[in-house]
4 protein chains.
Amino acid sequence: MIDVQSQPDDRRIPIKKVGVKDIRYPIIVRDKARDTQATIASCSMYVDLPQDFKGTHMSRFIEVLNRRHGRITLNNFVSILDELKEELEAKSSHVVMEFPYFIEKGAPVSGERSLMEYNCRYIGEINHASKNFQVGISVPVTTLCPCSREMSERGAHNQRGIVTVTLEFKKFFWIEDVIDVIESCASAPVYALLKREDEKYLTDRAYEHPMFVEDLVREVTRKLRGDSNFTWLKVEAENFESIHNHSAYAMVEWENDDAGE
Amino acid sequence: MIDVQSQPDDRRIPIKKVGVKDIRYPIIVRDKARDTQATIASCSMYVDLPQDFKGTHMSRFIEVLNRRHGRITLNNFVSILDELKEELEAKSSHVVMEFPYFIEKGAPVSGERSLMEYNCRYIGEINHASKNFQVGISVPVTTLCPCSREMSERGAHNQRGIVTVTLEFKKFFWIEDVIDVIESCASAPVYALLKREDEKYLTDRAYEHPMFVEDLVREVTRKLRGDSNFTWLKVEAENFESIHNHSAYAMVEWENDDAGE
Amino acid sequence: MIDVQSQPDDRRIPIKKVGVKDIRYPIIVRDKARDTQATIASCSMYVDLPQDFKGTHMSRFIEVLNRRHGRITLNNFVSILDELKEELEAKSSHVVMEFPYFIEKGAPVSGERSLMEYNCRYIGEINHASKNFQVGISVPVTTLCPCSREMSERGAHNQRGIVTVTLEFKKFFWIEDVIDVIESCASAPVYALLKREDEKYLTDRAYEHPMFVEDLVREVTRKLRGDSNFTWLKVEAENFESIHNHSAYAMVEWENDDAGE
Amino acid sequence: MIDVQSQPDDRRIPIKKVGVKDIRYPIIVRDKARDTQATIASCSMYVDLPQDFKGTHMSRFIEVLNRRHGRITLNNFVSILDELKEELEAKSSHVVMEFPYFIEKGAPVSGERSLMEYNCRYIGEINHASKNFQVGISVPVTTLCPCSREMSERGAHNQRGIVTVTLEFKKFFWIEDVIDVIESCASAPVYALLKREDEKYLTDRAYEHPMFVEDLVREVTRKLRGDSNFTWLKVEAENFESIHNHSAYAMVEWENDDAGE
């Protein structure tokens, strides 16, 4: 059978990324409390294609994924990138895997246990010169407006917001620990199950900790850059404003100047 | 050229709905303040297909739409249903058109003008026995939790919510007037542009008007059923809770028992 | 602490549905090949609220869910509805759980194994008079246009489509078996991993089995109504047309007239 | 009234982007055939915030938008960036506006007129050193697989795909002309309304023009880089594969090396 993809191409245009996008796949990731956690990822996997070749071999991307039997960790993720690059005879490979991650949390007063969902992602890129691996973590929080609090008789407008941290790092870390840091910076954390005493506690806590999106990204940056394991950070906050039908957004990028040492 | 769609079908299974789904189309609707408003609808249009025919003629749906040149009103919408039924030789037709509708609002204290977006929809169905036409209107609002307010030292959790009203009616009405009613029932309305004095006003207003989703759907129902033009109502409220990562939801259905008279 | 929700309400408007919407939750469902499968559901859970009460108790919905420790089956799903009705002192309860379900399939010629994702849902409702439980299953397929094939020199336009079956039943059945029936009705099934010989086989197979959306919903209805376990069916097909930027859609509803016997 | 946002901040963390995200706004853009076209944009507008200031003034973003009264063109878009930078006393500003754009097209044989929707976006960034403005255009097309065609008895799998071009340019150009180029590169263009003779023509045309995503991005790049008005290009193609439940994707980036001269 003729292999159309391997035929030469004479347009002399190299392709920067080619591959499969948005394939859903059940994976197993490491979990601090329970050792492992089953979840479902949305995966996009690409390689470059030199100008001489007509097409890539799409089925090999899925084969590389299948070979892992769904076990994906911070440590073996880079081996997927290596293998894609080799199997597809490419110079670079790029993979993004996005997945929900669940953590059991106790409510602040009642201690009632429930599960919170955090969207996480692994983003990797390998080329001839460098390897790059980032972890992204999105954390829903409560934010309470300092300006509204300052001006108003009682109360202040507040809302659900979402903080997304993307980071580069030197060695393994637990997603759970970064989530703890982010939640400690918000006006208040968010829970799936709250009793009345918890709701009172969180309302009071949010009122005592007013935060603009600007404050939130700065606070999270200040705390995370204090951990020498993190060499690069992007911190984003989006507020689903309760007084508007649009979002407020802020973003900080930070790089450790000593990172190369 | 053979007309495959018109061939007979011997499986003896009538098709309840067949047609085109999610076609986007620019339309012009009536506007209380400015006479007309250009917007963009997402349209789904269906007819039934008797058991004897193999297929419908999909291109005719688009032709019926094109014939209107985008002018769609509460009054001529039903004529689209009639025309679809006739052109497709069907016994019933169903159309849904969903579109954003913009209204200029003045902020409550500063009077600053800005545009608010409300998602609206026309839902029509005609069959041999009856004609049915509904209008749906979605209104973003602020809701403040009565329970949180009652228990907490200062403040109360609040959030963006969305109220969706679907209604049947006797004669033409302005979408603008229903939006006014809905906004008056919420803890506070939502705006695109607010100055500091407006933000103070709305924070105070929301604190003075705490509302569960249950309160909100009841309040909206109570006010709208007082208008004898409306013969049937569905009122839904969804709160994007600021203390949870999920929504609270409530729904009331109400029918005027005198509607048939 | 005052219980605001339990206070009386004098507007005399009963609430048809109140509860939590779109909470994401990891669940374990039964799997024909592997006994159980871990997946992630999006859950909405509602009860009615009599006109005398101001509010429901949102935290109890989550507690009922937590009590199952994520084990959800066709058999115990109804017990969630019972428990919600009881715990919330309601007359009716409604639950929808939507989740991706993965099945390992072998490619038609090479036999290469890979995972296919099918979106499934459980929809339950209990009130004083009746219990109703439906299962919904969405299956991506290939459809090839009979009209295009008939007219054209070579080839025919084809595309990805999605068939969604919602059914009521007498006793336990495997989702896998309904998926097999649906895939056998399409122009061709869809796979995550195909080698060249598989691609040739599926292209030829689709060309030999041209199907309008109308044909597809009739064929699936014809086969499923032959299984006396199914008492009610809704069969929908949506084609993401390759020659248009909108979808073609068809739907059949069928009820077994002997179902009540 | 105290201006909380203008208070100093001592964490010494500059904010790269702060502003409003995803506000929907009706705009009027230029149209080659009809002079102007009313559409609805989703806008995100940001500035940087020096480390010394606590917060930005969110209402000013909306005021700048309002001042245009919705008239947005390739030419005045940059003035929005300038004004944001000035009004917010910032060193940089970033704006993205995404909007559907409709063009009336004649079917290839019957000549039947209908409207096609193309998603477009303006992306602008100004800082102390440079101004950058990009236009993005997304075009739905038909793609037919060369490999499937080569191997199969008759026919070949095909599907809807979407080509997205993002470009930098020297002087004004019409979006319509870039869409023409993209559609000419695909296996076939996509239409809202087709008669049988058109469907035959397009099926035959697609069969005569098989294209991988790799071919498509190369072909579009080859044609657009021939226009000396374009100084930088990103060309992406995504196929909603008819034989898979995931997408195939390819991307080329090209820069005119003579652009600086």
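Our subject is the structure listed above.
Please read all numbers here as calculations on a predicted model, not as lab measurements.

## What about the overall build of chain A?
For chain A, the helix and strand inventory stands at 6 helices and 9 strands. Projected onto the principal axes, the alpha-carbon positions of chain A cover approximately 75 × 40 × 35 Å. Looking at chain A as a whole, 64% of its 261 residues are labelled buried. The contacts of chain A with a sequence gap of at least 6 include a subset with a gap of at least 24, amounting to 63%.

## Remarks on the interface of chain B and chain C
Contact with chain B, which involves 51 residues of that partner, is made by 51 residues of chain C. Both faces combined, the contact of chain B with chain C buries some 4,200 Å², and carbon together with sulfur accounts for 60% of it. Three residues stand out in chain B for area buried against chain C, namely R11(B), I13(B) and R218(B), and they jointly supply 18% of the buried area on that side. In this assembly, chain B and chain C are joined by 11 salt bridges. Joining chain B to chain C, the criterion identifies 28 residue pairs in polar contact (both at pLDDT 80 or more). Counting residues per element, the ones that place at least two in the side of chain B that touches chain C are β1 (15–31), β2 (35–49), α1 (58–67), α3 (146–151), α6 (213–224) and β9 (247–255) of chain B. Looking at the side of chain B that touches chain C element by element, the count peaks at 9 residues for β1(B). Broken down by class, the residue content of the side of chain B that touches chain C amounts to 26 nonpolar, 8 polar and 17 charged. Strand direction decides the pairing type here: β1(B) and strand β9 (residues 247–255) of chain C, joined by 5 bridges, are antiparallel. Residue pairing for β9(C): V20(B) is matched across the bridge by A248(C).

## Considerations on helix α6 (residues 213–224) of chain A
All names here are of chain A. The terminal C-alpha atoms of α6 lie 17 Å apart, and with 12 residues this matches the ideal 16 Å at 1.5 Å per residue to within 8%. Along α6, 10 of the 12 residues are buried, which leaves the element largely enclosed by surrounding structure. Every buried residue belonging to α6 is among V213, E214, D215, L216, V217, R218, E219, V220, T221 and L224, and all of these are buried.

## Structural notes on the interface of chain A and chain C
Many authors give the size of an interface as the accessible area that is lost as the parts come together. Taken together, the contact between chain A and chain C spans 28 residues of the former and 28 residues of the latter. Summed over both partners, the interface of chain A with chain C comes to about 2,300 Å²; 61% of that surface belongs to carbon and sulfur atoms. Linking chain A to chain C there are 4 salt bridges. A salt bridge links E117(A) to R24(C); the shortest N-O distance between them is 2.7 Å. Where chain A touches chain C, the interface holds 8 residue pairs in polar contact (both at pLDDT 80 or more). For the side of chain A that touches chain C, the elements supplying multiple residues, two or more each, are β1 (15–31), β2 (35–49), α1 (58–67), β3 (93–106), β4 (113–126) and α5 (196–208) of chain A.

## Observations concerning the side chain of E241(B)
Tracing the chain through its elements places E241(B) in the loop between β8 (230–239) and β9. One buried charge, E241(B), has no salt-bridge partner; the nearest side chain with opposite charge is R160(A), at 7.1 Å. If we ignore the near neighbours within four places in the chain, the residues touching E241(B) are R160(A), H157(B), Q159(B), H246(B), S247(B) and A248(B).

## A few points about the pairing of strand β3 (residues 93–106) of chain C
Residue and element names in this part refer to chain C. Most of β3 is tucked away, with 10 of its 14 residues classed as buried. With 6 bridges connecting them, strand β2 (residues 35–49) and β3 associate as antiparallel partners. Note that in β3 the partner of S44 across the bridge is V96. Summarising the sheet, β3 and strand β4 (residues 113–126) pair through 14 bridges and their orientation is antiparallel. Within β4, the position partnered with Y101 by the bridge is Y118. Linking β3 back to β4 in an antiparallel pair, the connection comprises 6 residues, with G111 at a positive phi of about 75 degrees.

## Quick notes on the relation of the copies chain B and chain C
When chain B is brought onto chain C, the operation consists of a screw motion whose angular component is 180 degrees and whose axial shift is 0.0 Å, with 0.0 Å RMSD remaining. Taken together, the turn and the small shift mark the pair as related by a two-fold rotation axis. Looking at chain B, 100% of its interface residues are interface residues in chain C too, so the copies touch through the same face.

## Considerations on the relation of the copies chain A and chain C
Rotating chain A by 180 degrees and moving it 0.0 Å along the rotation axis overlays it on chain C with an RMSD of 0.0 Å. Mapped onto chain C, 100% of the interface residues of chain A again fall at the interface, so both copies present the same surface.

## A closer look at the packing of aromatic side chains
The full count for this structure, using the stated rule, is 36 aromatic pairs over all chains. When the centroid spacing of 4.9 Å and the interplanar angle of 45 degrees are considered together, the rings of Y46(A) and Y249(D) count as tilted. Pair noted here: Y46(A) is in strand β2 and Y249(D) is in strand β9 (residues 247–255), and the two residues belong to different chains. Judged by its relative accessible area of 9%, Y46(A) falls in the buried class. Summarising the aromatic geometry, the rings of Y122(C) and F133(C) are spaced 5.6 Å apart at their centres and angled 80 degrees between planes, so their arrangement reads as edge-to-face. Pair noted here: Y122(C) is in strand β4 and F133(C) is in strand β5 (residues 131–144), with a separation of 11 residues, a long-range link. Judged by its relative accessible area of 3%, Y122(C) is buried. A relative accessible area of 12% places F133(C) in the buried class.

## Focus: the side chain of Q37(A)
Residues and elements named next belong to chain A. With respect to the element layout, Q37 can be found in strand β2. Within the structure, the side chain of Q37 is placed 3.0 Å from the side chain of D31, a separation counted as a polar contact. Within polar-contact distance, the side chain of Q37 engages the backbone nitrogen of F102 at 2.7 Å. Not counting residues within four places of it along the chain, the set of residues in contact with Q37 comprises I27, I28, V29, D31, P100, Y101 and F102.

## Some thoughts on the pairing of β5(C)
All names here are of chain C. Counting buried positions along β5 yields 12 of 14 residues, so the element is predominantly enclosed. Summarising the sheet, β4 and β5 pair through 8 bridges and their orientation is antiparallel. Note that in β5 the partner of E125 across the bridge is N132. Linking β4 to β5, which pair antiparallel, is a turn of 4 residues. The sheet contact formed by β5 and strand β6 (residues 158–169) spans 10 bridges and is antiparallel. Across the sheet, residue T142 finds its bridge partner in β6, namely R160. Summarising the sheet, β5 and strand β7 (residues 188–189) pair through 2 bridges and their orientation is antiparallel. Directly across from T142, in β7, lies its bridge partner A188.

## Notes on the pattern of salt bridges
Per the counting criterion, the structure on display carries 86 salt bridges over all chains. Notably, a salt bridge pairs D215(A) with K54(D), separated by 2.9 Å at the nearest N-O pair. Linking D215(A) in helix α6 with K54(D) in the loop between β2 (35–49) and α1 (58–67), this pair reaches from one chain into another. Note on accessibility: D215(A) and K54(D) belong to one class, buried. Notably, a salt bridge pairs R67(D) with E87(D), separated by 3.2 Å at the nearest N-O pair. Of this pair, R67(D) sits in helix α1 while E87(D) sits in helix α2 (residues 77–87), and the two are 20 residues apart along the sequence. Within the structure, one salt-bridge network assembled from shared partners comprises D9(A), R11(A), K54(A), D215(D), R218(D), E219(D) and R222(D).

## Considerations on unusual backbone geometry
A positive phi angle, near 50 degrees, is found at H69(A), a position not held by glycine. Along the chain, the position of H69(A) falls in the loop between α1 and α2 (77–87). A relative accessible area of 68% means that H69(A) is categorised as exposed. Backbone geometry at R12(D) places phi at a positive 55 degrees, although glycine is not the residue there.

## Quick word on helix α5 (residues 196–208) of chain D
Here α5(D) spans 19 Å end to end across 13 residues, near enough to the 18 Å set by a 1.5 Å rise per residue. Buried within α5(D) we find D198(D), E199(D), K200(D), L202(D), T203(D), D204(D), R205(D), A206(D) and Y207(D). Elements that come into contact with the buried residues of α5(D) comprise α3 (146–151) of chain C together with β5 (131–144), α3 (146–151), α4 (175–185) and β7 (188–189) of chain D.

What counts as what
Residues numbered from 1 in each chain as written. Chains lettered and ligands numbered in written order. Predicted model: local features only at pLDDT ≥ 70, side-chain atom pairs only at ≥ 80, totals over all residues. Heavy atoms only, no water. Helix = DSSP H or I, 4+ residues; strand = E, 2+ residues; numbered from the N terminus. Buried < 20%, exposed > 50% of the residue type's maximum accessible area, 1.4 Å probe, protein only. Contact = heavy atoms within 4.5 Å. Buried area = accessible area lost by both parts, 1.4 Å probe. Salt bridge = Lys/Arg side-chain N within 4 Å of Asp/Glu carboxyl O. Polar contact = N/O pair within 3.5 Å; in protein donor to acceptor, adjacent residues only side chain to side chain. Nonpolar A, V, L, I, M, F, W, Y, C, P; charged D, E, K, R; others polar. Pairing = 2+ DSSP bridges. Expected span 1.5 Å × (residues − 1). Lys, Arg positive; Asp, Glu negative; His and termini not counted. Least-squares fit on C-alpha atoms with pLDDT ≥ 70 in both. Phe/Tyr/Trp six-rings, centres within 6.5 Å; stacked < 30°, edge-to-face > 60°.

Note that all results are geometric; they support no functional claim without further evidence.
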